[in-house]
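# Results of the structural survey
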Amino acid sequence: MEPAVRLADVHAAYEGERRGTLHGIDFAASRGELVAVVGPNGAGKTTLLEVINGLLPVNRGVVSVWGQSMSVAAHRLRRRIGYMPQDLFFPASTPFLVADVVLMAQFAERGVFRWPTRADRARAREAMLTMGISEFARRPIGRLSGGQQRKVLLARTVSQRAALLLLDEPTANLDPTSRKEISDSILEIRDSLGATTFVVSHDAGRLLDAADRTIVLVDGRIAPSNQDQASVAFSVSAGSIGDL
Amino acid sequence: MFGLPWTILLPTLLGSVLAAMNCSVIGVFIVRMNLSSLGFAMSHAAFAGAALGVAVAVLDPVWMALLFATLAAAFLGPLADASRLNTDSIIGAVFPLTMALGLVFLNKAPSAGIGSGALSLLWGSVLGITMQQVWTLASVTLGLLVLLAAFGKGFLALLLDRKLALATGIPARGHFYAVLFVSAIVVSISLRITGGLLIYALMVLPASTALQWVYDIKKAFLLAPALGMIGAVLGFVLSLVADLPIGSSIALAACILFLLSLAVSPKRRRRAFAKAAEE
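Please read all numbers here as calculations on a predicted model, not as lab measurements.

All names here are of chain A. Within the open sheet, the four strands sit side by side as β2-β1-β4-β5. Their pairing is antiparallel. In this open sheet, the two edge strands, each paired with only one partner strand, are β2 (22-29) and β5 (68-69). Taken together, the five bridges between strand β1 (residues 5-12) and β2 define a ladder with antiparallel strand orientation. Following the sheet pairing, Val5 is matched in β2 by Ala29.

The next point concerns the sheet that holds strand β3 (residues 34-38) of chain A. All names here are of chain A. If you walk across this open sheet you meet the six strands as β6-β7-β8-β3-β9-β10, and the pairing is mixed. Whereas interior strands pair on both sides, the edge strands pair on one side only; in this sheet they are β6 (81-84) and β10 (221-222). Packed onto the sheet, helix α1 (residues 45-52) meets β3, β6, β7 (164-168), β8 (196-200) and β9 (213-218) and runs at close to 150° relative to β7.

This brings us to the packing of helix α1 (residues 6-32) of chain B against helix α9 (residues 199-213) of chain B. Residue and element names in this part refer to chain B. Across the interface, α1 lies against α9 with an axial gap of 7 Å and an inter-helix angle of 65°. Comparing their axes, α9 and α1 come out roughly perpendicular. Regarding α1 and α9, the two cross each other, and that crossing is right-handed. Facing α1, whose interface residues are Ala19, Ala20, Cys23, Ser24, Ile26, Gly27, Val28, Ile30 and Val31, α9 presents Ile199, Leu202, Met203, Val204, Pro206, Ala207, Ser208 and Leu211.

Before going further, it helps to spend a moment on the interface of chain A and chain B. Counting from both sides, the interface comprises 36 residues of chain A and, opposite them, 30 residues of chain B. Summing the contributions of chain A and of chain B, the shared interface buries around 2800 Å²; its carbon and sulfur component is 66%. When the buried area of chain A at its contact with chain B is split by residue, Pro95(A), Phe96(A) and Trp115(A) rank highest and sum to 21% of it. Linking chain A with chain B are two salt bridges. Salt-bridge contacts for Asp100(A) lead to Lys218(B); the nearest nitrogen and oxygen are separated by 2.5 Å.

Before going further, it helps to spend a moment on the pattern of salt bridges. All names here are of chain A. With the rule as written, the count across this model stands at 14 salt bridges over all chains. With a shortest N-O distance of 3.2 Å, Glu109 and Arg80 are connected by a salt bridge. Placement of the pair is Glu109 in the loop between α3 (98-103) and α4 (118-130) and Arg80 in the loop between α2 (70-78) and β6, with a sequence separation of 29 residues. Each of the salt bridges in this network shares a partner with another, and the network as a whole consists of Arg80, Glu109 and Arg123.

All chains considered together, the criterion is met by six aromatic pairs over all chains. An angle of 85° between the planes, with centres 5.2 Å apart, marks the rings of Phe176(B) and Tyr177(B) as edge-to-face. Chaining the aromatic ring pairs together yields one cluster made of Phe29(B), Phe155(B) and Phe221(B). Just above the ring of Tyr215(B) sits the side chain of Arg143(A); from NZ or CZ to the centre is 5.3 Å. One residue, Arg162(B), lies across the ring of Phe176(B), its end atom 4.5 Å from the ring centre.

The angle between the axes and the distance between the axes are what describe a pair of packed helices. Residue and element names in this part refer to chain B. Remark: helix α2 (residues 36-55) packs on α9, axes separated minimally by 9 Å, with the N-to-C direction vectors making an angle of 155°. When the axes of α2 and α9 are compared, the pair comes out roughly antiparallel. Seen along the crossing, α2 lies across α9 with a hand that is right-handed. Contacts from Ser36, Gly39, Phe40 and Ser43 of α2 reach α9 at Ile199, Tyr200 and Met203.

Where the residue is not glycine, phi is negative for most of them; where a peptide bond is considered, it is trans in most cases. In this model, Asp87(A) sits at a positive phi of 60°, which is unusual for a non-glycine residue. Of the residues examined, Asp87(A) reaches a relative accessible area of 53% and is grouped as exposed. Residues other than glycine seldom take positive phi values, yet Asp243(B) does so here, at roughly 55°. Here Asp243(B) shows up in the loop between α10 (217-242) and α11 (246-264).

In this section: the confidence of the model for chain A. Residues and elements named next belong to chain A. On average, residues of chain A score 89 in pLDDT, and 91% of them reach the 70 mark or higher. Per-element averaging of pLDDT across chain A places helix α8 (residues 226-237) at the bottom with 46 and α3 at the top with 97. When the criterion is pLDDT under 50, residues 230-244 qualifies, and its contacts beyond four places in sequence or with other chains add up to 20 contacts.

Before going further, it helps to spend a moment on a nonpolar patch on the surface. A contiguous nonpolar patch, built from Val112(A), Phe113(A), Leu142(B), Leu145(B), Val146(B) and Phe151(B) and spanning about 570 Å² of accessible area, is present on the exposed surface. Along the chain, Phe113(A) falls in the loop between α3 and α4.

Next up on the list: the side chain of His175(B). On the secondary structure map, His175(B) appears in helix α8 (residues 172-194). Separated by 2.9 Å, the side chain of His175(B) and the backbone oxygen of Pro171(B) make a polar contact.

What counts and how
- Residues numbered from 1 in each chain as written.
- Chains lettered and ligands numbered in written order.
- Predicted model: local features only at pLDDT ≥ 70, side-chain atom pairs only at ≥ 80, totals over all residues.
- Heavy atoms only, no water.
- Pairing = 2+ DSSP bridges.
- Helix = DSSP H or I, 4+ residues; strand = E, 2+ residues; numbered from the N terminus.
- Contact = heavy atoms within 4.5 Å.
- Axes fitted to C-alpha atoms, helices over the stretch in contact; angles between N-to-C directions.
- Parallel < 35°, antiparallel > 145°, perpendicular 65-115°, else oblique.
- Left-handed = near helix turned anticlockwise from the far one by under 90°.
- Buried area = accessible area lost by both parts, 1.4 Å probe.
- Salt bridge = Lys/Arg side-chain N within 4 Å of Asp/Glu carboxyl O.
- Phe/Tyr/Trp six-rings, centres within 6.5 Å; stacked < 30°, edge-to-face > 60°.
- Lys NZ or Arg CZ within 6 Å of the ring centre and 35° of its normal.
- Buried < 20%, exposed > 50% of the residue type's maximum accessible area, 1.4 Å probe, protein only.
- pLDDT = per-residue confidence, 0-100.
- Patch = residues over 30% accessible without salt bridge, like charges linked within 9 Å, V, L, I, M, F, W, Y side chains within 5 Å.
- Areas by Shrake-Rupley, 256 points an atom, 1.4 Å probe, with all protein chains shown as cover.
- Polar contact = N/O pair within 3.5 Å; in protein donor to acceptor, adjacent residues only side chain to side chain.

Below, the structure is given as structure tokens:
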């Protein structure tokens, strides 16, 4: 069976960067798999998610999602990729209502001159219900707390019926209660959508415990030895990956 | 100006209102996407182009304004796009260049001199506007409506967060450059109304005023042109009553609306209450 995500000898660098951020990444993830991506700061975890989503083009190698190359069909494939960027926070003045933010995740599915239908709006409402944020639907997104805003971003992935979730530090900078709520929501979404899920996380907890696999990135490479993985796993359980 | 016949005043009023509405719609993009410096640079590039058109008789000022504004967008857009140039640098580099070029071209214009037609490019002068030019402005308004109806979803996604838009399958770069190109068109066509020095105000002020009042971007797209229209009418009346240049009068009216909004908008009050509560 074709893997959901496949990276073959992927090298990537941000513009103006000599050394590169990812070096020869090779791996495949199957459909529905939950993959935790851990590693020290600057190891390339965020870059890995950006490369999978095609936000950062690769210098060498191939990234394919559901058997199709991201370099060829990125816009189309992204319609089924739910993405939560690191540290995205909408300030109080952001002029968007929560209901619209959730609905907008479906916009790419609609062609020119075609605006969302009643069915699309119903799907967005259902997504908000799933995430327990229906009461905020008519509120400006900038007036929600950090944890509530993360729930809105997760509701977008439900609204777009994502088959691949790329979640970059979804529980960072949240209080313990919000962290638990977000982790539980992610696992529920992953189960209900059957989505292949990549989670970059510094926080030891439910998400890393539930992962089918943990990829350890060190210096832009997947850690080769079991020893590295074991030491990182130890640090994760101690909640100190960021200090590695 | 009260003595002028309505055959002159009516096209002036219609032209002012249409230019203000068009600029205000573009202004929502410019303000929300933090492209104010780029809009500033483009409007002054359009002024320099129009001045060249005035100086060289065989060139059309509107087409030259469009060419210069588009070149500015094509040159500065990728720099702003990749965040390789901060906004102060854009203004610092382009403003002196375009203003100097514009003034040099105006100096070489056959009718150069204070009060000449050439200088109307600086201050704006809509009293010579024809109904044909009003129709051109109206067709730009119609074009904007069609563009928003066709690609509005992508633009809304872009205005929320560009990276998020791109990540969910919106061709964000194409939408970004469409905004720049359409801005260049609107600026060039509207330049004659307010002049090169003030058209920027017409883009930024109504949109900034609207965003003081609404939390829903769709409402901002309705309120900004409405405020632009109110500013244009108030400016038109002020210009008639006080015998002032119409471009300056419209910009003054837009400024007053903005300052009033700053003082009484619910968003500002909410921020003030929140700050007081914290203290």
